[in-house]
Amino acid sequence: MEQTFAIIKPDAVERNLIGKILEKIESKEFRVAAMKRVLLTIPVAECFYHVHKERPFFKDLTASMCTGPVILLVLQKEGAIKAWRELMGATNPAEADAGTIRKEFAVSLEKNSVHGSDAPETAAFEISYFFSQTEILS
Ligand code: GDP
């Protein structure tokens, strides 16, 4: 069973959307293998998003991820990485398909409500960055 890593971002937590987003996740038959609510710090966010460090939006992105608590998740299902990317929708909510989380809940490119790993290597890094093996019950 494939695992992927997800974040419910501060903009969505702030607007009390945790339950609605988890409902969508569970309705698509993902299992929540691990979950916690944390407040990220700038160094932790910068390391997490290190692949974007040369991008012009890096500072804004990492700062916005630290504006309030986030929900960290390990999601499990056959083809979880692709399925979670599909359920999230396009990065820019203006381009997201109907029925996706970003179409329904995101307010802007920066406040786009959710994060998801884009490949098996990034999923492995991101899961192990935030969760120890004993916290993941598959
Ligand atoms: P994702 O995998 O769909 O989340 O998208 P990326 O990995 O390309 O970008 C990471 C995050 O950076 C996105 O989810 C956005 O919140 C943010 N982001 C991407 N492009 C821009 C941009 O041009 N401006 C700003 N402010 N944020 C951006």
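Residues numbered from 1 in each chain as written. Predicted model: local features only at pLDDT ≥ 70, side-chain atom pairs only at ≥ 80, totals over all residues. Heavy atoms only, no water.

Enquirer: Got a minute to help me understand the site of the ligand in this structure?
Expert: By nearness alone, every residue bordering the ligand is listed as Lys9, His52, Phe57, Leu61, Arg85, Thr91, Arg102, Leu109, Glu110 and Asn112. At 3.1 Å from an oxygen atom of the ligand is found a side-chain nitrogen or oxygen belonging to Lys9. A distance of 2.6 Å is found between an oxygen atom of the ligand and a side-chain nitrogen or oxygen belonging to Thr91. For the ligand, whose free accessible area comes to 550 Å², the fraction covered by protein is 79%. (Near = heavy atom within 4 Å. Polar contact = N/O pair within 3.5 Å; in protein donor to acceptor, adjacent residues only side chain to side chain. Areas by Shrake-Rupley, 256 points an atom, 1.4 Å probe, with all protein chains shown as cover.)

Enquirer: Looking at this model, I keep getting lost on the pattern of salt bridges. Mind explaining?
Expert: Where side chains of opposite charge bring their charged atoms close, a pairing between them can arise. By the definition in use, this model includes four salt bridges. Salt-bridge contacts for Lys24 lead to Glu104; the nearest nitrogen and oxygen are separated by 3.1 Å. Of this pair, Lys24 sits in helix α2 (residues 18–27) while Glu104 sits in helix α6 (residues 101–105), and the two are 80 residues apart along the sequence. A salt bridge links Lys82 to Glu86; the nearest nitrogen and oxygen atoms lie 3.0 Å apart. Placement of the pair is Lys82 and Glu86 together in helix α5 (residues 80–88), with a separation of four residues, close to one helical turn. You can call Glu86 partly exposed: its relative accessible area is 47%. (Salt bridge = Lys/Arg side-chain N within 4 Å of Asp/Glu carboxyl O. Helix = DSSP H or I, 4+ residues; strand = E, 2+ residues; numbered from the N terminus. Buried < 20%, exposed > 50% of the residue type's maximum accessible area, 1.4 Å probe, protein only.)

Enquirer: Looking at this model, I keep getting lost on α2. Mind explaining?
Expert: Given 3.6 residues to a turn, an α-helix orients residues that are three or four positions apart in the same direction. Residues of α2 that are buried: Ile21, Leu22, Lys24 and Ile25. Along the axis of α2, the buried positions cluster into a sector of 155 degrees, meaning they face one direction only. Away from its buried face by more than 90 degrees, α2 exposes Glu23 and Glu26. Positioned one or two residues after α2, Glu29 has a phi angle of 65 degrees, which is positive. (Arc of directions from axis to C-beta.)

These figures capture arrangement, not role.
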